[in-house]
Amino acid sequence: MADSAEIDIDYVAKLARIELTPDEKEKFSRQLGQILGYFRKLSEIDVSGVEPSAHAHAVYNVWRDDVEGEPMSVEDALMNAPAKRDNQIVVPKVVDDA
Amino acid sequence: MSEEVFYKSISELEKMLDSRQISAVELAKAFIDRKNAVDSKVGAFISSNEGELLESARKSDERRAAGGKLSELDGIPVGLKDLLAVRGQKLTCASRMLENYVSPYTGTAMKKLENAGALFWGRLNMDEFAMGSSCENSALQTTRNPWDLSRIPGGSSGGSAAAVSAGECAASLGSDTGGSIRQPASLCGVVGVKPTYGLVSRFGLAAFASSLDQIGPFARSVRDAAVVLKHIAGYDRLDSTSANVPVDDYPARLSPDAFAGKKAGVPKEYFSSGMDPEVRVIVEKAVEKCGELGAEIVEVSLPHTDLAIPVYYIIATAEASSNLARYDGIRYTHRSSKAGDVVDVYFKSRAEGFGEEVKRRIILGSYVLSSGYYDAYYLRAQKVRTLIRRDFENAFESVDVILAPTSPTTAFKAGEKSSDPLSMYLSDIFTINVNLAGLPGLSLPCGFASDGMPVGLQMIGKTFDESNLLSYAYAYEQACGWNRCNPKL
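How each quantity is defined
Residues numbered from 1 in each chain as written. Chains lettered and ligands numbered in written order. Predicted model: local features only at pLDDT ≥ 70, side-chain atom pairs only at ≥ 80, totals over all residues. pLDDT = per-residue confidence, 0-100. Buried ≥ 20, exposed ≤ 12 C-beta atoms within 10 Å, placed from the backbone. Helix = DSSP H or I, 4+ residues; strand = E, 2+ residues; numbered from the N terminus. Pairing = 2+ DSSP bridges. Axes fitted to C-alpha atoms, helices over the stretch in contact; angles between N-to-C directions. Core = buried A, V, L, I, M, F, W, Y, C linked by C-beta atoms within 7 Å. Domains from an automatic or database assignment. Contact = placed C-beta atoms within 7 Å.

**A closer look at the confidence of the model for chain B**
No. 1: Summing up the model confidence of chain B, the mean pLDDT is 96 and the portion of residues at 70 or higher is 99%.
No. 2: Both confidence scores are given for the complex: pTM 0.96, ipTM 0.92.

If you want it as structure tokens, here you go:
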């Protein structure tokens, strides 16, 4: 398993889509290194032949009847949008002008 | 028992309401007055709506007058952790990210409470997105322990525990992902129940770690907690992990003789070093008391206990990094005004909206799921989770209930652990296994340390065995009555 030196904080922050300040990068690298060091005791356990648990009590194939329901109104669905117009959420331009 | 109406149990309040000794409006006013008198010190409430409470209390009085009481909760003010959805109410998760968010719908557990006639009273403080063990990670305010205002109330449902402890509401709901109901209940001297995974619908609970999260009650007595749990439990098609199991009439099944002929297991790994010696003595005494009440006390072993913290913090942060991806600054959250393009909206909104611990956990979760590390961390943690589950399955072959401490210490001083995330994580050692195994667990008061702070006894039950679990707790509570002690505020 990795130790603290191997954490590429810029790469992981990019995966997480969070802009970090230089202070946060330094602090998180150090703290996460310490935490991952503590996690290393997991590597000492023999898990060969052990099935992973995604849930404590797995539930499979939950079906329901396909019945019409009352959906949330557009007004309700958009009531918390930071910017909206004409029943749509406004975002910065996604595609550049060609 | 205390004379103040705000320190009375739901059972007592129900009798007073039924016999017209008090009206629901008068009761609501008593809780409003209490909140106004003490919450500047305790800080349990993020927001509250007095007008709404009084209006719903008036309707409750009308129902009673017409002979149409909805349930034993009709007219009882219940507080909600600020991550539970009620249409038209704010839901902040104690985060800048959702500071202005208003729920467009009501979650299932809350709908059920509403249908039972309970009155919603207050949005209660928590660690941001339920990540923390002290409430100090709230981005919005500080909550303190009603027993000593220099100490933390525990977390993450610290506001829910403190509000009940301080008599600001009759009961409350919180959520428990790794101990977030049981630990603050222990530290604030109230009863807190984490149900079996799947018993209570998670629809309308802002997700932290979906395979671990459960909603549960805080109350002033085991019976009160049983009443609230009865009303919020049950199958819900809106939660794909909801369990289709019958819900018992928990309060009706409580018995002071519950321990007779039963075996109670004490895990040897839980009484090891790292535990405050005084807490240990108090919990051992409580275990002895359960023996006197008829339980045969036997030692059990949960050999993978010390792996629970790494397993939990890998699985919970991995799930959190995925769940919290929805807070993107686009659809319903804080959006940075400094962002240029769309991708920049994500980076800057999340940088501005999330607090430090939330960022730390999302980064950790992203790391353990990232290419090259997935097998070593996440997959391995899921396998060890299986071993932890098997530990409990093995133990429950020979015992009916497991008795343990809830927290290794009493409430610590504010600021004591807030700069050291790892030491904060280690304070969850006795509670997180129960979430990993999906079992029901509860904490109830079992004494006080010499510093005057409450100590909690944790009881862990078999899957969906809430009825018996609550009954064991009731038997202990009837014999000892620690729950009847209240803080002086």
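**A word on helix H5 (residues 158–165) of chain B**
No. 1: For H5(B), the tally of buried residues reaches 8 of 8 residues, placing the bulk of the element in the interior.
No. 2: Residues of H5(B) that are buried include every one of B:Gly158, B:Gly159, B:Ser160, B:Ala161, B:Ala162, B:Ala163, B:Val164 and B:Ser165, and no others.

**A word on the sheet that holds strand E10 (residues 441–448) of chain B**
Within a sheet, neighbouring strands are paired by backbone hydrogen bonds and run either parallel or antiparallel to one another.
Residues and elements named next belong to chain B.
No. 1: What the 11 strands build is an open sheet, ordered E1-E3-E2-E4-E6-E5-E10-E11-E9-E7-E8; its pairing is mixed. On the outer flanks of this sheet lie strand E1 (45–47) and strand E8 (296–300), each paired with one strand and no other. Shown here is a sheet whose adjacent strand axes are inclined to one another by a mean of 35°, direction ignored.
No. 2: Sheet topology note: the strand E9 (residues 401–405)/strand E11 (residues 454–460) ladder contains 4 bridges and is antiparallel. Bridge pairing links Ile402 to Ile460 in E11.

**Things to note about the nonpolar core**
No. 1: By size, the foremost hydrophobic cluster in this structure holds 175 residues, and its most contacted members are B:Val78, B:Ala171, B:Val191, B:Val311, B:Ile314 and B:Ala473.
No. 2: With 10 residues, helix H10 (residues 308–323) of chain B is the largest single contributor of residues to this core.
No. 3: Summarising the domain contributions, this core has at least three residues from each of domain 1 (5–264 + 403–484) and domain 2 (306–382) of chain B.
No. 4: For B:Ile314, the residues in contact, after removing those within four places along its chain, are A:Phe39, B:Val368, B:Tyr377, B:Tyr378 and B:Ala381.

**Thoughts on the pairing of strand E4 (residues 171–176) of chain B**
Residue and element names in this part refer to chain B.
No. 1: E4 sits mainly inside the fold: 6 of its 6 residues count as buried.
No. 2: What you see with E4 is no split at all: Ala171, Leu173 and Ser175 on one side and Ser172, Gly174 and Asp176 on the other are buried throughout.
No. 3: Across 3 bridges, strand E2 (residues 77–81) lies against E4 in parallel orientation. The residue of E4 that forms the bridge with Gly79 is Ser172.

**Here's the deal with the interface of chain B and chain A**
Much of the literature gives interface size as the accessible area that the parts lose upon coming together.
No. 1: The interface of chain B with chain A comprises 56 residues on the first partner and 44 residues on the second.
No. 2: Mapped by element, the contributors of at least two residues to the side of chain B that touches chain A are H10, helix H11 (342–353), helix H12 (356–369), helix H13 (375–395), helix H14 (421–426) and helix H15 (432–437) of chain B.
No. 3: It is H13(B) that contributes the most residues to the side of chain B that touches chain A, 12 residues altogether.

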